[in-house]
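# Structural description and commentary
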Amino acid sequence: MRTVTADVAIVGGGAAGCYAALSLQKCGFKPLIICKGLVGKSGASLFAGNLVISGRLLGNSETQARNTAEFLIKYHNQFLIDQEWARRCGAWIEQVYYPELEELGLYFRRDDAGNIVTSPGAIRSIAANIQGNSGVPFMDLRRKQVIRAGIPRLEETVATALVRNSAGNIGGVFCLNYMTGEYVVVRARAVVLATGYSDRLHQRSTGTREMSADGLAMAWRAGATLVNMEMQWWHTNDIADPPCWQRMQVYPNPMLGSEKSARMINSAGEEFFNQQNDDPLAFGPYTVQLKALVKQVRAGKARYDGSYYAGFDHCDAKEVETYTTYGKAFRQLGLRFPEQLVETAVTSHYRQGGIDVDPATMRSSIPGLYAAGGVSGHSNGLIGLATYDGKVVADAIAAEFGSLVDRPISDTECETEMRRVEALRNRPDGGISPLKVKQKLRKLMWDKVGVEKNATGLNSALDDLEEIRLDALPSMAIASKSAVANYEWLDALDVVNMVEVCELIIYSSLERKESRGPFIRTDFPAIDNKNWLVANVLKKSGNGMRFEQRPYQLPYFSPGFDLRDNLQVAW
Amino acid sequence: MTLQIQISPRDGASRIGQAERNDSLVARNSRVEPGTNIVVRIRRQEHDTGHYDTFSVPYRKWMRVLDALEWIAENKAPDLAYRWICGSKMCGTCAVRMNGREVLACWEAVEPEMTIEPLRNLPVIRDLVVDRRPFEDRVAGLEPWIERPSAYAGFPEPLSHKQMKDASKALDCIGCMCCYSACPVIGLGSLTDFAGPAPLVQLGQTALDPRNSPAKIARSLALTGIFNCVSCYKCEEVCPAAIPIVSRVIEPLKAKAALLLPERARHARAMRRIVAERGRVDPGALILSVQGLRALLRLPRIIRLLLRGKISPLRTIFRIKTAATEPARRLLGREASQ
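This is a predicted model, so every value here is computed, not measured.

Here we come to the pairing of strand β14 (residues 271–274) of chain A. Residue and element names in this part refer to chain A. Relative to β14, strand β13 (residues 263–265) runs antiparallel, the two being bridged by 3 bridges. The residue of β14 that forms the bridge with M264 is F273. Where β13 folds back on β14, the antiparallel hairpin that results is connected by 5 residues, among which G269 adopts a positive phi of roughly 85 degrees.

Take a look at the structure:
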């Protein structure tokens, strides 16, 4: 077991984690990044298709600036957001974020005359190099910034537990480098969890391979309060086959340099979503699309796992491909582009909820523990928002660094954790493989905790989960005892976290007795702003949990009704 | 089943290899019928000993190489080690060799029978997982970031896509190292100091960016051994991001290196001058220009070249021109003035 010391340990190498590390380094602190994948090459940030323009940037009108704020609060978060935070974030994106990125060299796509190419509409966006792939150069830039700044990175290293120091605060992270099998304990005055928005908890999920709700599980085990865990977002038109492309999206968003965007067709050949007709303001294609699909599924003209189609057959190939990558997937499957459509399916996407934080500081309910970006439960995602969280957490830690105590961490906790992790690798051969358990769990979440939920299904999901916990987990077996690049071992670690977090999601889903945007309860079909425009706060108590409600302030935007059928509401 | 080879009229020498790449995509996606099985042979390796395991995998619609690996790990070999993160051509971590050519596992269609091996030119950690460090270290060593010669003008700064057209191609790079594995010069190991195609593309992202300072670009280029590139186009052939690596990245970088680091480009510059002067390559003149009188120290080789008609002293001494001299001068001159 090797011990490494840093001022701040940051778990996660995406937009929030990198920006927090870079900001802290700039202020003279010593951050360290622990990344389960590779910094800038793993997690959700890579999937940023385009970048939303806020405020009055690039000729945005007053109306467009307001629309962007409304879009974030209403369509992205269904009002479950601190609107003051959203305002500060929007101002920062306008004044700091874009100029800073461009100064560093990020290429915002121009035309030959030198104008930045934007998408049209009430809310406009731009692209880093090319629409559909903006996250790649964006995060590559962050990776190189981190390298240039000399910030230490523990890559392909999984954080398995938060460790307390002798003052009782979170003061370190226990890690396993799964490429070498080495255990590393990072001791720090503060720990920032930045493990992302999206976890692979459903059969179809946009979460990448390494995303298995580790941040949430570690925080919960350490006693942190969680919030709105049930608020799950969905992609409505991701490619149905092949399986590994489940997070490849036929983007419904407005296209750069064109008035058109993808359209969707049901199994009867009827168009049921075309942004230009169904969502002309381009406010929230994701929610609007999902609701359109639910109606198709109920009419027997689509399934959540396929049998409906998306594409660009109403566009010119050139119109689509000048500024986007959208044609590439079609072509790679041997489809004629843009004439042919591709079969699509629903994929679980970002979670609006997560670790409960004070959005002014990103402080969690436990001293020494912070959460930034998607894993924090205060807003749903865009890469700019995650980045802003990275700034906020860095500012807060820098301001209160003096009051964060540097005490030795508990050796007993480290020893216990090491024994737990080691025991998983030494499981006897001959039982069920961790990957099989993962798939079983994902199927259960898909079948019973999918787009449309109800109490009967959720309760039955809890029973199935109990079976997995009691039967599958203890009989998990590992074929190879190698400590080097042993992904089976990693899967075993993952699945323990996944089971824990799935349970919290199911209980939270049962608790919210309404429907709201992408959260659809068939037994409570209406949005209930009178009782449920609140944070669904999940607190740990003894060995169990309890729920509390915390209302949201509505200083700028409010829904304007008490009760209305969710499917009849645009957002 | 007959293969339809689609070759578009645009396929010239610069698109070499792309005909095979597209052999065609329709054909590649319909070689196997759903319901039948494919045969997958995988190189397994831990420590120094390696062997191949063979698996029969049920084909499903549009199956990618990565799907086959996932099926094997879930159903037959839970201990199979292979790296992937995103599954959709963004992270660039799942590259392997399939039937001898480098592919991105998540992007490439399976074949009825395929042998999967780890990338070349990198140490193998276990099974298909290679150590990315030699590549990462080389990239970091090139310091691929921009240093502005003058202050940033504020958002949005003046810049056009025309100025960024080559850098923009390089920005499609996902660092998958397919080209690094396919490069025969990298395969020579420490015989050359060539950085390799992937690190050059990574560098090209900022070195071909007009906002970067020439001094910074020169410092980075000096570390690349770029003139060891033999322009064989192997890198371009395998690039899953379809980056024209030679024509749009390495060649423009070589041109920059010739300008910024003339002493490192003696061979390339001499060749260019000779072609412009005589309308053809004159190997004798080239040897004299680059090696000078040191060439005489290698007399046996000179004699061999003479006997095989590779060099002709008369032509060299009398600077005999061909009819292509005028067009060559025109072409090279035009390129030089660009």
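Picking up where we left off.
For the rest of this paragraph, the subject is the packing of helix α12 (residues 434–448) of chain A against helix α13 (residues 455–472) of chain A. Working note: a packed helix pair is described by the angle between its axes plus the distance between those axes. All names here are of chain A. It is the contact of α12 with α13, at a shortest axis distance of 9 Å, that shows an interaxial angle of 170 degrees. Classified by the angle between their axes, α12 and α13 sit roughly antiparallel to one another. Residues V437, K440, L441, L444 and K448 of α12 form the contact with α13, whose participating residues are G457, L458, S460, A461, D464, L465, I468 and A472. Class assignment of the residues belonging to the contact of α12 with α13 gives a composition of 8 nonpolar, 2 polar and 3 charged.

Before going further, it helps to spend a moment on helix α13 (residues 299–307) of chain B. Among the 9 residues of α13(B), 0 are classified as buried, and the element is accordingly described as predominantly exposed. Count one or two residues on from α13(B) and you reach B:G309, which has phi positive near 75 degrees.

Looking now at the interface of chain A and chain B. Note: interface size is frequently given as the accessible area lost on complex formation between the parts. Tallying the contact residues gives 53 residues for chain A and 54 residues for chain B. Of all elements in the fold, only α3 (83–104), α4 (135–149), α9 (326–332), α12 and α14 (487–511) of chain A reach the threshold of two or more residues within the side of chain A that touches chain B.

We now examine the pairing of strand β9 (residues 182–187) of chain A. The side chains of a regular strand alternate, first on one face of the sheet and then on the other. All names here are of chain A. In this sheet, β9 lies alongside strand β1 (residues 2–5) in parallel orientation, the contact comprising 4 bridges. What sits directly across from R2, in β9, is V184. Looking at chain direction, strand β8 (residues 170–177) and β9 are connected through 6 bridges and run antiparallel. When the bridges of β9 are listed, L176 appears paired with Y183. Where β8 folds back onto β9 in an antiparallel hairpin, the turn is made up of 4 residues, including G181, whose phi is positive at roughly 85 degrees.

Below, the discussion takes up the confidence of the model for chain B. Residue and element names in this part refer to chain B. Of the residues in chain B, 92% have a pLDDT of 70 or more, and the chain-wide mean is 90. Every residue in residues 1–14 scores below 50 in pLDDT, and together they form 16 contacts with partners more than four places removed in sequence or on other chains. Two numbers describe this predicted complex: its pTM, 0.95, and its ipTM, 0.97.

Procedures and definitions
Residues numbered from 1 in each chain as written. Chains lettered and ligands numbered in written order. Predicted model: local features only at pLDDT ≥ 70, side-chain atom pairs only at ≥ 80, totals over all residues. Pairing = 2+ DSSP bridges. Helix = DSSP H or I, 4+ residues; strand = E, 2+ residues; numbered from the N terminus. Axes fitted to C-alpha atoms, helices over the stretch in contact; angles between N-to-C directions. Parallel < 35°, antiparallel > 145°, perpendicular 65-115°, else oblique. Contact = placed C-beta atoms within 7 Å. Nonpolar A, V, L, I, M, F, W, Y, C, P; charged D, E, K, R; others polar. Buried ≥ 20, exposed ≤ 12 C-beta atoms within 10 Å, placed from the backbone. pLDDT = per-residue confidence, 0-100.

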